[in-house]
Amino acid sequence: MPFSATAVVPRATPRQALAEAFDAVRAHSCALAAPLSDEDQCVQSMPDASPVKWHLAHTTWFFETMVLQPRVPGYRPVDARYAFLFNSYYEALGPRHPRPARGLLTRPSAQEVRRYRAAVDGAVSRFLDSADDATIAKAEPALTLGLHHEQQHQELLLTDVLHLLSQNPLDPAYRPPAHAPAARAPTPLGWVDHPAREAVIGHAGGGFAFDNEGPAHRVLLHPYQLADRPVSCGEFLAFIRDGGYRDPQWWLSDGWAAVNTHGWDAPLYWRAAGTSEPTSFTLHGLRPLDLAEPVSHVSLYEAAAYAAWAGARLPTEFEWEAAAPAATGDVWEWTRSAYDPYPGFQPFAGAAAEYNGKFMMGQVVLRGGSAATPPGHVRPTYRNFFPPSARWQFSGLRLARNL
């Protein structure tokens, strides 16, 4: 995982573990931004993406708002105006700058955002040093949520940077590879049988989890097979060359409409897919397509179309979790499950109640993790979610079949 930091999930409580985790997560975000110029960090390449500078400021605002202001007597925000600029979607915390216009925020500068981060980092460190044990214990849930929240934005930062650089005709690399990737031979796709059973799904306690991962509950699974690896680029290329993007029989109705509306003919960032030398734009720049690596940057619609063409289907999120396939560290895997609340779902308390529950409509669940996901941020119960048309994420697929 070339863009990931060491696992930094804080252990039970001791304040030193929290302080070390805080320092590591915050430093890693800055390290991810370091290869980029200040100009790179200001640009918003599409409404669904955010500028790097905004990610760095928003995660800082989160700690300032959720940790420092409620718990440090007399704390005054570094700049009261930042609440309007860097609030993402928290209605309870006041009005916000429109998301599609984040790229217009040339002020504060990237340098000022770095100073903002340094000021808040210092305030959090002083809080962790000086607060009594009872206060630290009460603050621990918000601090831990903030760390996992920032790790989410670390992945989003890379995802958004890839989209940004892909719009540049110079095909710039975010970071050149340390060495040329070794050629790999594709491995045959295998299948693992899973019998009918009642499975416990969801987070059952012990360690951090987002509110949408619980509560644990029982589901009934019918017999099924799950592929032993994600679909590869070479396999998806065969779908393309068989006319998959031109044949409506494989597509959901909304997916076929998206293909025709947007002119899709290959995964996002693929180029010259119809030639003998297809390429893909990556964080390391433009590269020959690696036929053995998992296909990435496909929508749910493309994933479902490929599965239909291959005589299979996408798994439900419950089938995926019950099988607990080994995470490859390459792509999030689309499931066929709507992003709905589990029975008995309870959102986080306070302002963080808006973190997940308000998005439980019109989204589809992805499972696993990607090359951009920080270690310690992946677990079998993790529920990622995006609209079915989303392609700029590191999203792929794993096939399932009925037994």
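Coordinates for the structure precede this section.
Reading guide: rules and limits
Residues numbered from 1 in each chain as written. Predicted model: local features only at pLDDT ≥ 70, side-chain atom pairs only at ≥ 80, totals over all residues. Heavy atoms only, no water. Pairing = 2+ DSSP bridges. Helix = DSSP H or I, 4+ residues; strand = E, 2+ residues; numbered from the N terminus. 1 Å grid on protein atoms, 1.4 Å probe; cavity = no way out; pocket = protein on both sides within 12 Å on 5 of 7 lines; lining within 4 Å. Points joined across faces, edges and corners; volume = space filled by probe spheres on them. Nonpolar A, V, L, I, M, F, W, Y, C, P; charged D, E, K, R; others polar. Core = buried A, V, L, I, M, F, W, Y, C linked by side-chain atoms within 4.5 Å. Buried < 20%, exposed > 50% of the residue type's maximum accessible area, 1.4 Å probe, protein only. Contact = heavy atoms within 4.5 Å. Axes fitted to C-alpha atoms, helices over the stretch in contact; angles between N-to-C directions. Left-handed = near helix turned anticlockwise from the far one by under 90°.

1. Brief notes about the sheet that holds strand 8 (residues 332-338)
As summarised here, the arrangement of the four strands in space is 10-9-8-11, forming an open sheet in which the pairing is mixed. For this open sheet the edge positions go to strand 10 (384-386) and strand 11 (395-396), each flanked by a neighbour on one side alone.

2. Regarding the layout of surface pockets
The calculated volume of the largest pocket comes to roughly 960 Å³. Contributions of two or more residues to the lining of the largest pocket are made by helix 2 (52-71), helix 5 (133-166) and strand 10. Here the residues of the lining of the largest pocket sort into 15 nonpolar, 15 polar and seven charged.

3. Description of the nonpolar core
Membership of the largest hydrophobic core comes to 92 residues, with the highest contact counts inside it found for Phe 127, Leu 143, Phe 236, Trp 270, Trp 334 and Leu 397. Tallying contributions element by element places helix 5 first for this core, with eleven residues. Residues in contact with Trp 270, not counting those within four places in the same chain, are Cys 233, Phe 236, Leu 237, Ile 240, Thr 279, Ser 280, Leu 289 and Val 295. Ile 201, Val 219, Leu 221 and Ala 400 belong to the second-largest nonpolar core, a separate cluster that totals ten residues.

4. Some details on the packing of helix 4 (residues 110-130) against helix 5
Here helix 4 crosses helix 5 at 150°, and the two axes come no closer than 12 Å. Helix 4 and helix 5 meet at a crossing whose hand is left-handed. Counted together, Arg 117, Val 124, Phe 127 and Leu 128 of helix 4 and Thr 135, Ile 136, Ala 139, Leu 143 and Glu 150 of helix 5 form the full contact between these two elements. Each residue belonging to the contact of helix 4 with helix 5 can be placed in one class, and the counts come to six nonpolar, one polar and two charged.

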